[in-house]
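An overview of the molecular structure
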Amino acid sequence: MPHLIIEYSADCLDERQAQTMADAVFGAALDSGLFETANIKSRAIPITAYRMGVEGKGFVCVRCRIHAGRTGAQKKQLSEAVVATLRELELGVAAITAEVIDMDPASYSRYYAD
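Here is a short report on the structure shown in this document. Please read all numbers here as calculations on a predicted model, not as lab measurements.

Rules used in this analysis
- Residues numbered from 1 in each chain as written.
- Predicted model: local features only at pLDDT ≥ 70, side-chain atom pairs only at ≥ 80, totals over all residues.
- Heavy atoms only, no water.
- Axes fitted to C-alpha atoms, helices over the stretch in contact; angles between N-to-C directions.
- Helix = DSSP H or I, 4+ residues; strand = E, 2+ residues; numbered from the N terminus.
- Left-handed = near helix turned anticlockwise from the far one by under 90°.
- Contact = heavy atoms within 4.5 Å.
- Nonpolar A, V, L, I, M, F, W, Y, C, P; charged D, E, K, R; others polar.
- Buried < 20%, exposed > 50% of the residue type's maximum accessible area, 1.4 Å probe, protein only.
- Polar contact = N/O pair within 3.5 Å; in protein donor to acceptor, adjacent residues only side chain to side chain.
- Pairing = 2+ DSSP bridges.
- Right-handed = clockwise from strand over helix to strand, strands pointing away.
- Core = buried A, V, L, I, M, F, W, Y, C linked by side-chain atoms within 4.5 Å.

Attention now goes to the packing of helix α1 (residues 15–31) against helix α2 (residues 72–88). As a packed pair, α1 and α2 sit with axes 9 Å apart at the nearest point and diverge in direction by 145°. Handedness of the α1/α2 crossing: right-handed. On the side of α1, the interface is formed by Met 21, Ala 24, Val 25, Ala 28 and Ala 29, while α2 contributes Leu 78, Ala 81, Val 82, Thr 85 and Leu 86. Within the contact of α1 with α2, the residues separate by chemical class into 9 nonpolar, 1 polar and no charged.

Let us now look at the side chain of Thr 85. Residue position: Thr 85 is located in helix α2. The exposure class of Thr 85 is buried, given its relative accessible area of 18%. Within the structure, the side chain of Thr 85 is placed 2.8 Å from the backbone oxygen of Ala 81, a separation counted as a polar contact.

Direction of pairing for strand β1 (residues 3–9) relative to strand β3 (residues 59–67): antiparallel, over a ladder of 6 bridges. The residue of β3 that forms the bridge with Ile 5 is Arg 63. In this sheet, strand β4 (residues 95–103) lies alongside β3 in parallel orientation, the contact comprising 9 bridges. For Ile 66, the partnering residue across the bridge sits in β4 and is Asp 102. Handedness of the β-α-β unit built from β3, α2 and β4 comes out right-handed.

As a further point, take the nonpolar core. Counting residues in hydrophobic clusters, the biggest one holds 25 residues, and the most contacted among them are Met 21, Val 60, Val 62, Leu 78 and Val 82. Of all the secondary structure elements, the ones that give two or more residues to this core are β1, α1, β3, α2 and β4. The dominant element in this core, judged by the number of residues it contributes, is α1, at 6 residues. Not counting residues within four places of it along the chain, the set of residues in contact with Val 82 comprises Val 25, Ala 28, Val 62, Cys 64 and Ala 98.

Have a look at this one:
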């Protein structure tokens with residue numbers, strides 16, 4: 001864990017930038033010291049239909065879904081690191097956000113092929 005789900009405005013960013021974001025957010029999670037490399041998963045999903053209430057065009061929104069048990073300070077550290085990492089990429093979007101969400105262990109299942 002975590003699952004780092006990046007949604008981004010498809011009209012502002014291309015596939016190369018999406019891969020760069022996925023790599024950068026993966027690195028931010030790894031650098032946090034909260035997760036082992038093998039447990040981190042990042043993916044970028046383009047959004048074609050959206051509306052924003054702020055001036056400018058484009059957004060990046062990251063949901064960091066993690067197993068419950070981290071402190072509020074650790075979650076804040078992770079969300080701030082993700083935003084700072086994306087800001088460094090100078091994507092030219094109007095908004096970058098990150099949220100850390102505890103997953104419910106009772107409802108989470110997984111399978112990994114050998």
